[in-house]
Amino acid sequence: CLNSLKSTCALWSALSEIDLITTNGTLNKWVEVGLEYHESRATCAFCSNTISAERLESLRQHFDEESQKLKERIQSGIIQINKEKQIIINTSFDISHFYDNFYTELSQIKINISSLLVKQIESLDILISYLEDKKDKLFSTVDFLYPTDYSSEIKKNLDDVNSIRDKHIELTDRLEQDQGTAKNELRLNHIYHFLQDIGYTDLIT
């Protein structure tokens, strides 16, 4: 391992062209980290080879402000995707508050949504891996195949839940109205029988 480091270090010191680290993401990352440790050194900390001021300056220009901005944008994207993942992980779907006649349909929707959320997390993980790869290979072309986005299917299932929710609310309102009517009829029935029991008509006469 040490020999490998020394070989890489010697290469870093002897580079005549930036192109080599530009096209090699792993080496590019190694040089970037090494540059931080060699800002105030004239010799390499690993192999003791001389590092010229010109070489240090060319490497500094390679890792310029725009490169750092790009890295920050990529890292910001990774953070945002991880936030989206956390939202999905914390998503819960409780069907216990619905009427039993909706249970079968809701159970299937719940299964569908759970499966789609798992797939969406897998797709987000793929995106993160692409971004991590690109962050290490800013100046290289990386292979990229956009992962499947399941958000439209998730939305469709959620729309189905909202539709059932509307039916649930409508049924609740109807039941409350029916209960009100039944209570009123029951009250009138009690009054009628009470009047019959006391002979109300005869008493009035």
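Here the structure is shown first, and the text comes after it.
Just so it is clear, the structure is predicted and the values come from calculations on it, not from any experiment. Here the residue numbers are simple positions, counted from 1 along each chain's written sequence. Where totals are concerned, whole chains, interfaces and linings use all residues; where local detail is concerned, this predicted model gives features only for residues with pLDDT of at least 70, and gives and counts side-chain atom pairs only at 80 or more. Side-chain calculation: all heavy atoms of the structure are included, whereas hydrogens and water are not.

For the rest of this paragraph, the subject is the overall build of the protein chain. Secondary structure elements follow DSSP: runs of H or I no shorter than four residues count as helices, runs of E no shorter than two count as strands, and numbering proceeds from the N terminus. Each helix and strand in the protein chain was counted, giving 8 helices and 0 strands. Going from the N terminus to the C terminus, the protein chain shows its helices and strands as α-α-α-α-α-α-α-α. Expressed as a percentage of its 205 residues, the buried residues of the protein chain come to 27%. A separation of at least 24 residues holds for 71% of the contacts in the protein chain among residues at least 6 apart in sequence. Note on areas: Shrake-Rupley, 1.4 Å probe, and residue coverage restricted to the protein chains presented here. Surface summary for the protein chain: the accessible area is close to 14300 Å², and the carbon and sulfur share equals 53%. Each residue is assigned to one of three classes by its accessible area relative to the maximum for its type, calculated with a 1.4 Å probe on protein chains only: buried under 20%, partly exposed between the two thresholds, exposed over 50%. Any two residues whose heavy atoms approach within 4.5 Å at even a single point are treated as in contact.

For the purposes of this section, nonpolar cores are sets of buried Ala, Val, Leu, Ile, Met, Phe, Trp, Tyr and Cys residues that join through side-chain atoms within 4.5 Å. If you look at the biggest cluster of nonpolar residues, it comprises 23 residues, and the most contacted ones within it are Phe93, Leu106, Ile109, Ile113 and Ile164. When contributions to this core are tallied by element, the ones reaching two or more residues are helix H5 (65-89), helix H6 (103-136) and helix H7 (151-198). Top contributing element to this core by residue count: H6, with 9 residues. The contact partners of phenylalanine 93, leaving out residues within four places of it in the chain, are Leu106, Ile109, Lys110, Ile113 and Val161.

Here we come to the pattern of salt bridges. Salt bridge, as used here, is a side-chain nitrogen of Lys or Arg placed within 4 Å of a carboxyl oxygen of Asp or Glu. Considering all chains together, one arrives at 4 salt bridges under this definition. Residue lysine 85 pairs with aspartate 125 through a salt bridge whose shortest N-O separation is 2.6 Å. Of the two residues, lysine 85 sits in helix H5 while aspartate 125 sits in helix H6, which places them 40 residues apart along the sequence. Among the residues examined, lysine 85 registers a relative accessible area of 15% and is labelled buried.

Structurally, arginine 60 is set in helix H4 (residues 53-62). Residue arginine 60 is classed as partly exposed on the basis of its relative accessible area of 29%. Sequence-wise, arginine 60 and glutamate 32 are 28 residues apart; in three dimensions their C-alpha atoms are separated by 8.9 Å. Sequence-distant contacts of arginine 60, that is, excluding residues within four places in its chain, are made with Leu35 and Glu39.

Along the chain, histidine 168 falls in helix H7. For histidine 168, a relative accessible area of 15% corresponds to the buried category. With near-sequence residues (within four places) excluded, histidine 168 lies in contact with His97, Phe98, Tyr99 and Phe102.

A few words on the packing of aromatic side chains. Here a pair means two rings of Phe, Tyr or Trp (six-membered ring of Trp) with centres within 6.5 Å. Their orientation is stacked below 30 degrees between planes, edge-to-face above 60, and tilted elsewhere. Tallied over the entire structure, the rule returns 2 aromatic pairs. Relative to phenylalanine 144, the ring of tyrosine 130 lies with its centre 4.6 Å away and its plane at 55°, an arrangement referred to as tilted. A residue pair is termed long-range when its members are at least 10 positions apart, and tyrosine 130 in helix H6 and phenylalanine 144 in the loop between H6 and H7 qualify at 14 residues. Ring plane angle 70° and centroid distance 6.0 Å describe the contact between phenylalanine 144 and tyrosine 146, whose orientation is recorded as edge-to-face.

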